[in-house]
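Summary of the model geometry
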Amino acid sequence: MSTAETLYSRVEADLGTFSVRPLDPFADAELLHGWITHPKASFWMMQDASLPDVEREYMRIAAHEHHQAFIGLHEGRPAFLMETYDPSELELVGLYDARPGDVGMHFLVAPSDTPLHGFTRAVITTVMAAVFADPATERVVVEPDVANTAVHALNEAVGFVPERQVTKPEKEALLSFCTRAQFEAATGLAGASI
(Lines give C-alpha, C1' and ligand atoms only; values in the text may rest on other atoms or scores of the structure.)
Protein backbone atom coordinates (compact mmCIF):
# COMPACT_ATOMS: atom_id res chain seq x y z
CA MET A 1 0.00 0.00 0.00
CA SER A 2 1.37 3.42 -0.87
CA THR A 3 1.09 6.24 1.64
CA ALA A 4 -1.09 8.09 -0.87
CA GLU A 5 -3.81 5.52 -0.18
CA THR A 6 -3.74 6.12 3.58
CA LEU A 7 -6.63 8.37 4.56
CA TYR A 8 -6.01 8.34 8.29
CA SER A 9 -3.38 6.92 10.64
CA ARG A 10 -2.77 6.88 14.39
CA VAL A 11 -0.54 5.05 16.84
CA GLU A 12 -1.98 3.24 19.85
CA ALA A 13 0.70 3.09 22.57
CA ASP A 14 0.52 -0.64 23.35
CA LEU A 15 -0.80 -1.94 20.03
CA GLY A 16 0.98 -0.06 17.25
CA THR A 17 -0.21 1.70 14.12
CA PHE A 18 -3.80 1.73 12.92
CA SER A 19 -4.69 3.26 9.56
CA VAL A 20 -7.59 3.53 7.14
CA ARG A 21 -7.58 3.25 3.36
CA PRO A 22 -10.27 3.20 0.67
CA LEU A 23 -11.96 -0.16 0.11
CA ASP A 24 -11.61 -1.74 -3.34
CA PRO A 25 -14.83 -3.73 -3.98
CA PHE A 26 -13.05 -6.28 -6.20
CA ALA A 27 -9.61 -6.57 -4.64
CA ASP A 28 -11.03 -6.69 -1.09
CA ALA A 29 -14.11 -8.86 -1.75
CA GLU A 30 -12.57 -12.19 -0.79
CA LEU A 31 -11.13 -10.74 2.42
CA LEU A 32 -14.48 -9.12 3.30
CA HIS A 33 -16.38 -12.30 2.49
CA GLY A 34 -14.38 -14.17 5.13
CA TRP A 35 -15.04 -11.46 7.68
CA ILE A 36 -18.76 -10.84 7.21
CA THR A 37 -19.75 -14.50 6.95
CA HIS A 38 -17.83 -15.47 10.10
CA PRO A 39 -20.06 -16.50 13.05
CA LYS A 40 -18.74 -13.56 15.11
CA ALA A 41 -20.16 -11.16 12.50
CA SER A 42 -23.79 -12.19 12.99
CA PHE A 43 -24.90 -8.59 13.65
CA TRP A 44 -23.53 -7.61 10.21
CA MET A 45 -26.48 -9.62 8.77
CA MET A 46 -24.59 -11.05 5.77
CA GLN A 47 -23.90 -14.56 7.12
CA ASP A 48 -25.16 -16.29 3.97
CA ALA A 49 -23.59 -13.89 1.45
CA SER A 50 -21.71 -15.38 -1.48
CA LEU A 51 -18.52 -13.83 -2.84
CA PRO A 52 -20.48 -12.24 -5.74
CA ASP A 53 -22.99 -10.89 -3.17
CA VAL A 54 -20.13 -9.17 -1.34
CA GLU A 55 -18.73 -7.73 -4.58
CA ARG A 56 -22.17 -6.41 -5.54
CA GLU A 57 -22.82 -4.89 -2.10
CA TYR A 58 -19.50 -3.05 -1.99
CA MET A 59 -19.78 -1.95 -5.63
CA ARG A 60 -23.17 -0.50 -4.68
CA ILE A 61 -21.60 1.32 -1.73
CA ALA A 62 -18.69 2.57 -3.86
CA ALA A 63 -21.15 4.02 -6.38
CA HIS A 64 -23.40 5.59 -3.73
CA GLU A 65 -23.14 9.33 -3.16
CA HIS A 66 -23.96 9.07 0.56
CA HIS A 67 -22.20 5.83 1.64
CA GLN A 68 -18.49 5.02 1.85
CA ALA A 69 -16.50 1.92 2.86
CA PHE A 70 -12.92 1.63 4.06
CA ILE A 71 -10.45 -1.06 5.10
CA GLY A 72 -8.74 -0.53 8.43
CA LEU A 73 -5.21 -1.78 8.90
CA HIS A 74 -3.24 -2.76 11.96
CA GLU A 75 0.51 -2.62 11.44
CA GLY A 76 -0.18 -2.55 7.69
CA ARG A 77 -2.41 -5.66 7.62
CA PRO A 78 -6.19 -5.57 7.00
CA ALA A 79 -7.93 -5.83 10.37
CA PHE A 80 -11.30 -4.06 10.24
CA LEU A 81 -14.04 -2.71 8.03
CA MET A 82 -15.38 0.83 8.43
CA GLU A 83 -18.40 2.38 6.75
CA THR A 84 -19.74 5.92 6.92
CA TYR A 85 -23.02 7.23 5.60
CA ASP A 86 -25.23 10.30 5.59
CA PRO A 87 -28.04 9.43 8.03
CA SER A 88 -30.32 12.03 6.46
CA GLU A 89 -30.18 9.98 3.23
CA LEU A 90 -29.71 6.35 4.38
CA GLU A 91 -30.40 3.99 7.28
CA LEU A 92 -32.13 6.47 9.60
CA VAL A 93 -34.32 8.56 7.28
CA GLY A 94 -37.48 9.48 9.16
CA LEU A 95 -36.31 7.89 12.42
CA TYR A 96 -34.71 10.98 13.93
CA ASP A 97 -34.10 14.63 13.10
CA ALA A 98 -30.74 14.67 11.34
CA ARG A 99 -28.53 17.69 11.86
CA PRO A 100 -25.89 19.17 9.55
CA GLY A 101 -22.59 17.50 10.40
CA ASP A 102 -24.14 14.14 11.39
CA VAL A 103 -22.27 11.09 10.08
CA GLY A 104 -23.52 7.53 10.43
CA MET A 105 -20.94 4.83 11.12
CA HIS A 106 -20.60 1.04 11.11
CA PHE A 107 -17.49 -0.98 11.91
CA LEU A 108 -16.54 -4.66 11.96
CA VAL A 109 -13.37 -6.15 13.43
CA ALA A 110 -11.91 -9.06 11.48
CA PRO A 111 -12.06 -12.44 13.23
CA SER A 112 -8.76 -13.47 14.82
CA ASP A 113 -7.32 -16.65 16.31
CA THR A 114 -4.99 -14.54 18.46
CA PRO A 115 -7.01 -11.72 20.03
CA LEU A 116 -5.08 -8.76 21.45
CA HIS A 117 -6.24 -7.17 24.70
CA GLY A 118 -7.80 -3.76 23.95
CA PHE A 119 -7.77 -4.30 20.20
CA THR A 120 -11.48 -3.74 19.49
CA ARG A 121 -11.50 -0.59 21.61
CA ALA A 122 -8.44 0.65 19.67
CA VAL A 123 -10.31 -0.06 16.43
CA ILE A 124 -13.44 1.91 17.39
CA THR A 125 -11.24 4.73 18.69
CA THR A 126 -9.43 4.80 15.33
CA VAL A 127 -12.72 4.70 13.41
CA MET A 128 -14.12 7.60 15.44
CA ALA A 129 -10.91 9.62 15.18
CA ALA A 130 -10.92 9.08 11.40
CA VAL A 131 -14.54 10.26 11.15
CA PHE A 132 -13.82 13.32 13.29
CA ALA A 133 -10.68 14.08 11.24
CA ASP A 134 -13.15 15.69 8.83
CA PRO A 135 -13.82 19.14 10.32
CA ALA A 136 -17.37 19.05 8.88
CA THR A 137 -18.27 16.16 11.22
CA GLU A 138 -20.11 17.42 14.29
CA ARG A 139 -21.68 14.23 15.59
CA VAL A 140 -21.46 10.49 14.87
CA VAL A 141 -24.69 8.50 14.81
CA VAL A 142 -24.95 4.73 15.29
CA GLU A 143 -27.85 2.30 15.27
CA PRO A 144 -26.59 -1.08 16.53
CA ASP A 145 -28.92 -3.96 17.26
CA VAL A 146 -30.39 -3.63 20.76
CA ALA A 147 -29.13 -7.15 21.50
CA ASN A 148 -25.51 -6.28 20.65
CA THR A 149 -24.47 -5.46 24.20
CA ALA A 150 -20.74 -5.79 23.43
CA VAL A 151 -20.89 -2.93 20.93
CA HIS A 152 -23.02 -0.82 23.28
CA ALA A 153 -20.19 -1.00 25.84
CA LEU A 154 -17.60 -0.08 23.20
CA ASN A 155 -19.73 2.81 22.00
CA GLU A 156 -20.06 4.11 25.55
CA ALA A 157 -16.28 3.86 26.02
CA VAL A 158 -15.68 6.32 23.15
CA GLY A 159 -18.39 8.77 24.21
CA PHE A 160 -21.68 7.60 22.69
CA VAL A 161 -24.86 8.36 24.60
CA PRO A 162 -27.90 6.19 23.81
CA GLU A 163 -31.02 8.19 23.01
CA ARG A 164 -33.75 5.64 22.33
CA GLN A 165 -34.72 2.44 20.60
CA VAL A 166 -35.85 2.71 16.97
CA THR A 167 -37.45 0.13 14.72
CA LYS A 168 -35.67 -0.46 11.42
CA PRO A 169 -36.81 -2.96 8.79
CA GLU A 170 -34.02 -5.40 9.69
CA LYS A 171 -33.70 -4.89 13.46
CA GLU A 172 -34.58 -3.10 16.67
CA ALA A 173 -31.78 -0.58 17.04
CA LEU A 174 -30.35 1.55 19.82
CA LEU A 175 -30.01 5.05 18.38
CA SER A 176 -26.93 6.66 19.93
CA PHE A 177 -24.96 9.85 19.38
CA CYS A 178 -21.41 11.04 20.04
CA THR A 179 -20.34 14.64 19.57
CA ARG A 180 -16.73 15.63 18.96
CA ALA A 181 -16.54 16.97 22.55
CA GLN A 182 -17.94 13.71 23.97
CA PHE A 183 -15.40 11.67 21.98
CA GLU A 184 -12.51 13.86 23.10
CA ALA A 185 -13.66 13.72 26.76
CA ALA A 186 -14.03 9.91 26.67
CA THR A 187 -10.74 9.15 24.90
CA GLY A 188 -8.47 12.09 25.67
CA LEU A 189 -7.90 12.51 21.95
CA ALA A 190 -8.25 16.23 21.33
CA GLY A 191 -8.43 17.57 17.80
CA ALA A 192 -8.17 14.27 15.95
CA SER A 193 -6.38 14.89 12.68
CA ILE A 194 -4.90 13.09 9.70
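These lines cover the structure that appears in this document, whether it is placed above or below. Here the structure is a predicted model, which means the values were calculated and not measured.

Regarding the overall build of the protein
The helix and strand inventory of the protein stands at five helices and eight strands. Beginning at the N terminus, the succession of helices and strands in the protein can be written as β-β-α-α-β-β-β-α-β-α-β-β-α. Taken over C-alpha atoms, the radius of gyration comes to 16 Å for the protein, in line with the 16 Å a tight globule of 194 residues would show. Principal axes of the C-alpha set define a box for the protein whose edges measure 40 × 35 × 30 Å. The burial tally for the protein puts 47% of its 194 residues in the buried class. Residue pairs at least 24 apart in sequence account for 59% of intrachain contacts in the protein once pairs closer than 6 positions are excluded. Across the protein, the mean location of the 13 positive side-chain charges is 3 Å away from that of the 28 negative side-chain charges.

Describing helix 3 (residues 119-132)
An α-helical segment advances 3.6 residues per turn. Residues three or four places apart therefore align on the same side. Spanning 14 residues, helix 3 covers 20 Å between terminal C-alpha atoms, matching the ideal 20 Å at 1.5 Å per step. In terms of burial, helix 3 is largely enclosed, as twelve of its 14 residues are buried. Residues of helix 3 that are buried: Phe-119, Ala-122, Val-123, Ile-124, Thr-125, Thr-126, Val-127, Met-128, Ala-129, Ala-130, Val-131 and Phe-132.

Considering the nonpolar core
In terms of nonpolar packing, the biggest core is built from 30 residues, with Met-105, Phe-107, Met-128 and Phe-160 touching the most fellow members. For this core, the secondary-structure elements that each account for two or more residues are strand 2 (16-22), strand 4 (77-85), strand 5 (102-109), helix 3, strand 6 (139-142) and helix 4 (149-157). The leading source of residues in this core is helix 3, at ten residues. Ignoring sequence-local partners within four residues, the contact set of Phe-160 consists of Met-105, Met-128, Val-140, Val-141, Val-142, Asn-155, Ser-176, Phe-177 and Cys-178. Formed by 16 residues, the second largest nonpolar core is a distinct cluster that contains Trp-35, Ile-36, Ala-49 and Ala-69.

Some points on unusual backbone geometry
Of note in the backbone geometry, Glu-75 takes a positive phi value of approximately 55° without being a glycine. In this fold, Glu-75 is placed in the loop between strand 3 (67-74) and strand 4. For Glu-75, a relative accessible area of 41% gives the class partly exposed. Phi at Glu-91 takes a positive value of approximately 65°, unusual for a residue other than glycine. Of note, Glu-91 is situated in the loop between strand 4 and strand 5.

The rules behind these values
- Residues numbered from 1 in each chain as written.
- Predicted model: local features only at pLDDT ≥ 70, side-chain atom pairs only at ≥ 80, totals over all residues.
- Heavy atoms only, no water.
- Helix = DSSP H or I, 4+ residues; strand = E, 2+ residues; numbered from the N terminus.
- Rg over C-alpha atoms; globule rule 2.2 N^0.38 Å.
- Buried < 20%, exposed > 50% of the residue type's maximum accessible area, 1.4 Å probe, protein only.
- Contact = heavy atoms within 4.5 Å.
- Lys, Arg positive; Asp, Glu negative; His and termini not counted.
- Charge placed at Lys NZ, Arg CZ, Asp CG, Glu CD.
- Expected span 1.5 Å × (residues − 1).
- Core = buried A, V, L, I, M, F, W, Y, C linked by side-chain atoms within 4.5 Å.

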